[in-house]
Amino acid sequence: MSGSSEGQCIRLEVISGKQLKVPSTRMPAGIYVSIKLDETRRWKSAVRVPSFDRSVVWGDIVTLSTDVSPRLSLEIRASFELGRMLGQGELIGELGIFSNELLDHGVEPFDMSFPPIRGVCPSLTLKATSVHDCKNDDGELFDSIIDCETARDTDAGHTRLTKYVTSKSVSDLNDAVEHFQGVLDRCPVGHPDHAAALTNLSWARLKGYIRKDLQDIDSTASLFRDALASRPKGHPDNPISLYHLTLALGWRYSNQRTTADMRESARLYHELLSFCPEDTYLHSIAVEENGAGYVIAACNNLPTDTSDEGIQLRRIVLELCPLGHHRRPRALDNLSSALDASFRQSGSIEDIDESIQLRREALSLCPEGHPGRNDYLHNLALSIRKRFDHQGRPDDLDEAISLHEESLDLRPVGHGSRHESLMSLGGALRTRFQKHGDINDINRAISLRREALALCPPGHPRRDTMHNNLALTLKIRYNKLDGGEDLNEAINLYRESLQLTRHDHSERHSYLSNLSSALRSRFKETQNNEDIEEAISLCQESLADLPLLHPDRCTSYTWLQEAYLSRYEMQHNSTDLSLAVENFRLASRHPTAGLPRRIIAAYCWTVTGEQHSHGSALEAYTTFFELLDAHLATWSSTTSRRKAAAAFCDSRTLPVDAASCALRHHDPQRAVELAEQGRGQQWSLASRLKTPLQDLESANPKLAHKFSELSQRIANTAQGSASVTDRAAADVAAREYRRLTKKWEAVVAEIRNVPDFSQFLLPLSYRDLQAAASHGPVIILIASSYSCNAVIVPTSGEPRHVPFSSVTLEHLEMLKNDFTREIRHAGLMGPTEPRKDLRVLLRKIWDVIMLPIVNVLQHDLKLQRRSRIWLCPTAAFTSIPLHAAHPFRTKEPCLEDLYVCSYTPTLSALIRSRQMMKTRTAPPSFVAIGQSQPGAGQGTVLAAVDSELELVHKLIPPSVKFTTLSGDDATQAGALDALRCNTWAHLACHGKQDREQPYNSRFAMRDKPLTLLDIMGNDAPQAEFAFLSACHTAVGDEETPDEVIHLAAGLQFSGFKSVIGTLWGVDDAVAEHVVKAFYENMFKKEGVIDCTRAALALNYATNAVKKKIPLEQKIVFVHIGV
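Please read these numbers as outputs of a predicted model, since none were measured by experiment.

**Student:** Can you lay out the overall build of the protein for me, pointing to particular residues and giving the numbers?
**Tutor:** Per the secondary structure count, the protein includes 42 helices and 23 strands. Structurally, the protein occupies a C-alpha span of about 140 × 80 × 55 Å along its principal axes. Counting contacts in the protein only where the partners sit at least 6 residues apart, residues at least 24 apart contribute 70% of the total. When the accessible surface of the protein is totalled, it reaches about 46700 Å², and 51% of it is carbon and sulfur. Side-chain charges in the protein split into 126 positive and 141 negative, and the spacing between the mean points of these groups amounts to 5 Å.

Structure (structure tokens):
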């Protein structure tokens, strides 16, 4: 035909088709149009994938000669292969038409309808035009009709199967199966039509199974699976094969309920929908309720599976439920439940964090009025409560209680799940009572849990849990209020709970350990040996029920330890004490338990070690410090770390107690190490991100860069998260912080593999800490309830222990309070009035504290007069002006006559400042910052500030670049920028130490305060010296003196190596005398700009003005740093 040029020709365009249903209901791979020209030839359109509405767009064109083909047979056919076709597929519709009739519609497109299929008429949209040239551009679309046995049997099979669908005659099914089997026999493995032949046979068998005319679904599924194996990813027929296998598995599951079928179906649908374009018919059918919808619903009803495979299934199901899908909330909740259960078994914080994130989304999809909102509120509260139990974040407990309250409101009396909300809210209130001690919380918790138990009568599946939880709440009230009735009722309830609990119940171990704890408490009251023996036995049984890495083993170890210890305290068998200590060890080191739980175990271990003089006490202290450090590192901001540490307020004395313990064990080196490890943890954690890297840069510049980059990213993330108030956003920020921290820890581990860096960022040994004394001894003053001592770290050699045998912690607290009173009283006196009482106190410091130290310095270490020394006070010592110790006896020198005194918060801080001195590159520049008229609410007018700034300017060498920042320019931002851009700074303004929130301690500026947090976030590595002519800049807060959180320490942390601060209020007019004398001495050597001279210059200055200013103003200034 392509060669004909005579006669009339028709150019026929097959534009599209609609309502293209397949008679057999089988899913087509594609649809094509066939025009039979004669007995030997036909024209075929391309095989196109149908759209979601069963329409197809072709746009194929053929030129037909009316002379050669006066009558045409027009067919629409379903192809079951997109690749190589086997047979002609299934006939959808057929029409006979004379070719000239096609021209009756003019040049416009027209529709041709075909006989109806299941009530719908398929149609084609065509366009026919008359042309004189019969040449075909698409001649390749013509093919010969070849009588092939394989194709003939395939087509016959399709025909018989279509007839079976309409007639329901089993003989038609058998015929179809026989035809398809014959084709498969002729297309063995390796044959290009093998997969198509497998699919046709298995489809026929599946139809028979669906209609219960065939029984063997297993072999049918295997055939579909073999076909899929022959059509791997990328094969054009891979999606249709995926679909076929999901259908077979779905039908098998509907009859056999094999969970594996649903798992595989979910995976297959996930794979199918990721390949299959959304606008295709296959995609539209796959996502319907009978397709992926059925699989989603079935998977949502499967029991929770915490295995990797089970969680992966839940992830797949969630991906099958995109935003807007009505089953998405349930899919989110089910994945959350699997992650919750996994968390219960592994303690992985990532699991519970993700669970909370998913449940927040589920709740957001169920607004007020949604029938399932109460469930999603309750489940989110449960997950948040689990995280609180693991991490101890107060915000989590508050949010959990709020969510439980809202859920309970939506579950009124008569609601089927009310007992669950009553139980859960009671548990959260019980926990809050344990934290804050409000008796209303525990009483309400008991009331709620009694109501929950009443709603679970005998035979109820949750009655055992209700018994246990009410018992637990009663036991907690007994612990706090010592009510014997509560304890006995709790024991009875625990026993009833265990009687109702199956041996394979997932929570049986906790019921056992809870009863054990109650029996131990009763033993302490009654000394009934049966109780303590049963308690020990129950704990051992609880441990036997638990896998080795289950987080709850920590609790069982704890209760077992308490049982052994109780028996030891009654029977004094040393074996029991050893067993108790071993269980302390196991509880505190259990890797999957939450850090707060382990920290408490370690703390109790230290108390027991001290009470019974056990040799493991030092190990207990070390364990506590390591765990607390790890816990605080999980909190991103400085303020949140302080809150986290406050949860363990009973342990605030442990740094000094640990040092005292080491000294009592005659190990002063270990005392130095423990005092350092336990003190200043807030500064230590923050400073890790600012570690000097000069040596590492020389050894491994790539690692140094990675460490520096990650440290900066963590600091930025922490700074950003500090201002986040939205709970969901805070969770996201916390996860990002943890992700970066993990990467940072991995880099730290790499660095420790570099030669000479094995101890990088690990607690320093005594030999490393001794570097702090390279320019003079460091004296650590330890104030513990067990003993008060000093340890002198010399420039070389062993530390010297100086016991204060006549000084107790109570004496020091009295001395501290006396000083506070006298300084306040002195401030009300006239400048010339004698400070007799203050002199008495300073003499007491000299006689009982500093004189014994000076004797060692002079006679043992042979330290020359006017040498430098550094004082590192702890606990109560931090509030006593040790540098001002004075005998006030004729011709007897005071401490500052003998030595030049400085302070250091910790030895590490001094070492770090010295290391940073090595990097000095910037030329010296000096800024004087003054604010005489601070903004509203920040303080009164300071009349002498401007004259002080002028004085400083006159005393600074002309070779030093000098800038003044005062008045309206002395703002918070301006001051921060000045501190960052200059190497030397002088601040004259109001200073205030915030005793309750020390990170809010501040300098008063024109617009708003310059806080300690602002200063800590201000990186100034080139800074050298700062003089803080302001009140209260070098005194920490009462609650955590060993954290040394004050403005002067903040400036040292930000980069200033040498800082002068004040211990109490300073008179700005009087301060000018000290300032003048200080800078005159500081720059006595012309041309020398050296911040390490600051301590000596202050020593000279206070001595020079001692007759001009009152005693309390002379001793208010102290030097910190190098």
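There is more to say after this.
**Student:** So what's going on with the sheet that holds strand 19 (residues 1002-1003)? Residues and values would help.
**Tutor:** Ordered in space as 18-19-20, the 3 strands form an open sheet in which the pairing is antiparallel. The open sheet terminates on both sides in strands that have one partner only, identified here as strand 18 (991-992) and strand 20 (1010-1011). As paired elements, strand 19 and strand 20 share 2 bridges and run antiparallel to each other. Each residue of the ladder has a partner; that of Phe1003, found in strand 20, is Leu1010.

**Student:** Describe helix 6 (residues 259-275), and please don't skip the residues or the numbers.
**Tutor:** Structural remark: α-helix, 3.6 residues per turn; residues separated by three or four positions point the same way. The first and last C-alpha atoms of helix 6 sit 25 Å apart over 17 residues, in line with the 24 Å expected at 1.5 Å per residue. Turning to helix 6, its buried residues number three or more, namely Asp261, Met262, Arg263, Glu264, Ser265, Ala266, Leu268, Tyr269, Leu272 and Leu273. Elements that come into contact with the buried residues of helix 6 comprise helix 4 (217-229), helix 5 (238-256), helix 7 (281-286), helix 8 (292-300) and helix 9 (308-319).

**Student:** Mind laying out the nonpolar core, listing which residues take part and the relevant values?
**Tutor:** It is characteristic of soluble globular proteins that their nonpolar side chains tend to be buried jointly. Membership of the largest hydrophobic core comes to 160 residues, with the highest contact counts inside it found for Phe804, Met850, Ile853, Leu882, Phe1003, Phe1078 and Tyr1079. Setting aside residues no more than four positions away along its own chain, Met850 makes contact with Ile845, Leu871, Leu882, Ala885 and Leu895. Counting residues in each nonpolar core, the second largest holds 77 residues, with Phe224, Leu242, Tyr281 and Leu318 among its members.

**Student:** Explain the sheet that holds strand 7 (residues 110-113) residue by residue, including any values.
**Tutor:** With antiparallel pairing, the 4 strands of this open sheet are ordered in space as 4-1-8-7. Of all strands in the sheet, those bounded by a partner on one side alone are strand 4 (56-65) and strand 7. Taking each pair of neighbouring strands and ignoring which way they run, the sheet shows an average axis angle of 30°. Strand direction decides the pairing type here: strand 1 (residues 9-18) and strand 8 (residues 123-131), joined by 9 bridges, are antiparallel. The residue bridging Val14 from the neighbouring strand is Leu126, located in strand 8.

Parameters at a glance
- Residue positions are counted from 1 within each chain, in the order its sequence is given.
- For this predicted model, a pLDDT threshold of at least 70 governs which residues receive local features, and a threshold of 80 or more governs which side-chain atom pairs are given and counted, while totals over whole chains, interfaces and linings are taken from all residues.
- The side-chain quantities take in all heavy atoms of the structure and omit both hydrogens and water.
- Only runs of H or I of at least four residues qualify as helices and only runs of E of at least two qualify as strands under DSSP, and these elements are numbered from the N terminus.
- Contact definition: two residues touch when any of their heavy atoms are within 4.5 Å.
- For accessible areas, the Shrake-Rupley method is used with a probe of radius 1.4 Å. Any residue's cover is judged against the shown protein chains and nothing else.
- Positive: Lys, Arg. Negative: Asp, Glu. His and the chain ends are not part of the count.
- Each charge is placed at NZ for Lys, CZ for Arg, CG for Asp and CD for Glu.
- Paired strands, as defined in this entry, are two strands with at least two bridges between them according to DSSP.
- A helix is expected to span 1.5 Å multiplied by its residue count minus one.
- Three exposure classes are used, based on accessible area relative to the maximum for each residue type with a 1.4 Å probe and protein chains only: buried under 20%, partly exposed in between, and exposed over 50%.
- We define the nonpolar core as a collection of buried residues of types Ala, Val, Leu, Ile, Met, Phe, Trp, Tyr and Cys that are connected through side-chain atoms lying within 4.5 Å of one another.
- Axis definition: a line fitted to C-alpha atoms, limited for helices to the stretch in contact. Angles are taken between N-to-C directions and run from 0 to 180 degrees.

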